Amino acid sequence: MIWDNAFAISIIPDLLRGLVTTVQITFAGMAIAAVLGLVVAVFRYLRIPVLSQLLGFLVYFIRGTPLLVQAFFVFYVLPEYGVTMSALITGIIVIGVNYSAYTAEVYRSGIEGIPVGQWEAATALNLPVRRTWTRIVLPQAVRRVVPLLGNYLIQMFKDSAILSAITVYELMSVAKAIGQSEFRYIEPFTIAALLFLIVSVPCTLVLRRLETRYGTVH
């Protein structure tokens, strides 16, 4: 099949609209993952009986099952029990919760990296537990893991293509729909891949600078 420049140019607006949806999914999903992951990390670190074990199991379960299976379950199974959401909302929630299991571990490594002396100093100053966490621990922990969270943001951007399987009309869904309607796949899929690359590369360069500035937690 020969590349058709005119056809390629004509489908770019549709693909860009799909890209906008992909970006929306990515940032909304990352917002969920960042907040939920932090909550899970804090409660696991506090080692509250039962709750800590339950959260640990959920993190293990989410990380051990494919994102696609989770998306299918929420989109196709939950409606049988009266829980119905649009494909877009389902996709955002599923990818956000999925990545929260990974960000939780990142946050936990950041919290555990806080020097013991700082905890002891807070205790010696008789600081309330909430202030110790909000003023001393979390600001340092989050700052240390910013580059790793950024890596997950880029990965989420690319993994959003999986949501096309539950009819989310993001970039890959648009490319597939164009290919099926026009019986031409080389142009839509090639342009979609280039759009993913165009967005990912600058973000990766920014992350490299952040890693140099803040360092990473291993």
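Asker: Account for the overall build of the chain, with residues named and values stated.
Answerer: Broken down by element type, the chain carries 8 helices and 0 strands. Reading the chain from its N terminus to its C terminus gives the helix and strand order α-α-α-α-α-α-α-α. Based on the C-alpha atoms only, the size of the chain along its principal axes is roughly 70 × 45 × 25 Å. Per-residue burial over the chain gives 38% buried out of 218 residues.

Asker: Describe in detail the environment of Tyr185, supporting the description with residues and values.
Answerer: Tracing the chain through its elements places Tyr185 in the loop between α7 (171-182) and α8 (186-214). With 184 residues separating them in the primary sequence, Tyr185 and Met1 have C-alpha atoms 9.3 Å apart. What Tyr185 contacts, discounting residues up to four positions off in sequence, is Met1, Lys176, Gly179 and Gln180.

Asker: I'd like to hear about the environment of Phe27, residue by residue, with values.
Answerer: Secondary-structure assignment places Phe27 in helix α1 (residues 5-46). For the pair formed by Phe27 and Gly96, sequence separation is 69 residues and the distance between their alpha carbons is 9.3 Å.

Asker: Tell me about the packing of aromatic side chains, residues and numbers included.
Answerer: Per the stated rule, a full pass over the model turns up 11 aromatic pairs. On the numbers, 4.9 Å between centres and 80° between planes, the contact of Phe75 with Tyr76 is edge-to-face. Taking 6.0 Å as the distance between ring centres and 50° as the angle between the ring planes, the aromatic pair formed by Tyr99 and Tyr102 counts as tilted. On the criterion of helical spacing, the pair formed by Tyr99 and Tyr102 is a turn pair, its members being 3 residues apart in helix α4 (residues 87-112). Accessibility expressed as a relative area gives 3% for Tyr99, which makes it buried.

Asker: Give a detailed account of the packing of helix α5 (residues 116-124) against helix α6 (residues 129-159), specifying residues and quantitative values.
Answerer: Axis separation between α5 and α6 bottoms out at 11 Å; the angle between their running directions is 170°. By the angle between their directions, the pair α5 and α6 is classed as roughly antiparallel. Between α5 and α6, the contacting residues are Gln118, Trp119 and Ala122 on the first element and Thr132, Trp133, Ile136, Val137 and Gln140 on the second. For the contact of α5 with α6, the per-class residue count stands at 5 nonpolar, 3 polar and no charged.

Asker: A description of the pattern of salt bridges should follow, citing residues and the corresponding values.
Answerer: Under the criterion given, the structure shown has 5 salt bridges. With a shortest N-O distance of 3.4 Å, Arg108 and Glu112 are connected by a salt bridge. Remark: Glu112 and Arg108 occur in helix α4; sequence separation between them is 4 residues, near one turn of the helix. Residue classification places Arg108 among the partly exposed residues on the basis of a relative accessible area of 23%. Ionic pairing is found between Glu187 and Arg184, a salt bridge with its closest N-O pair at 2.4 Å. Assessed through its relative accessible area of 0%, Glu187 is described here as buried. Three or more residues joined by partner-sharing salt bridges are found here, namely Arg44, Glu105, Arg108 and Glu112.

Asker: Before we move on, can you summarise unusual backbone geometry with the specific residues and values?
Answerer: Trans is the prevailing form of peptide bonds, just as negative phi is the prevailing case for residues other than glycine. In this structure, Arg47 is a non-glycine residue whose phi angle is positive, near 55°. Looking at where Arg47 falls in the secondary structure, it is placed in the loop between α1 and α2 (51-64). By relative accessible area, Arg47 is classed as exposed at 59%. With a phi close to 70°, Thr167 is a non-glycine residue in the positive phi region. Examined against the element boundaries, Thr167 turns out to sit in the loop between α6 and α7. With relative accessibility at 53%, the residue Thr167 sits in the exposed group.

Conventions we followed
- Residues numbered from 1 in each chain as written.
- Predicted model: local features only at pLDDT ≥ 70, side-chain atom pairs only at ≥ 80, totals over all residues.
- Heavy atoms only, no water.
- Helix = DSSP H or I, 4+ residues; strand = E, 2+ residues; numbered from the N terminus.
- Buried < 20%, exposed > 50% of the residue type's maximum accessible area, 1.4 Å probe, protein only.
- Contact = heavy atoms within 4.5 Å.
- Phe/Tyr/Trp six-rings, centres within 6.5 Å; stacked < 30°, edge-to-face > 60°.
- Axes fitted to C-alpha atoms, helices over the stretch in contact; angles between N-to-C directions.
- Parallel < 35°, antiparallel > 145°, perpendicular 65-115°, else oblique.
- Nonpolar A, V, L, I, M, F, W, Y, C, P; charged D, E, K, R; others polar.
- Salt bridge = Lys/Arg side-chain N within 4 Å of Asp/Glu carboxyl O.

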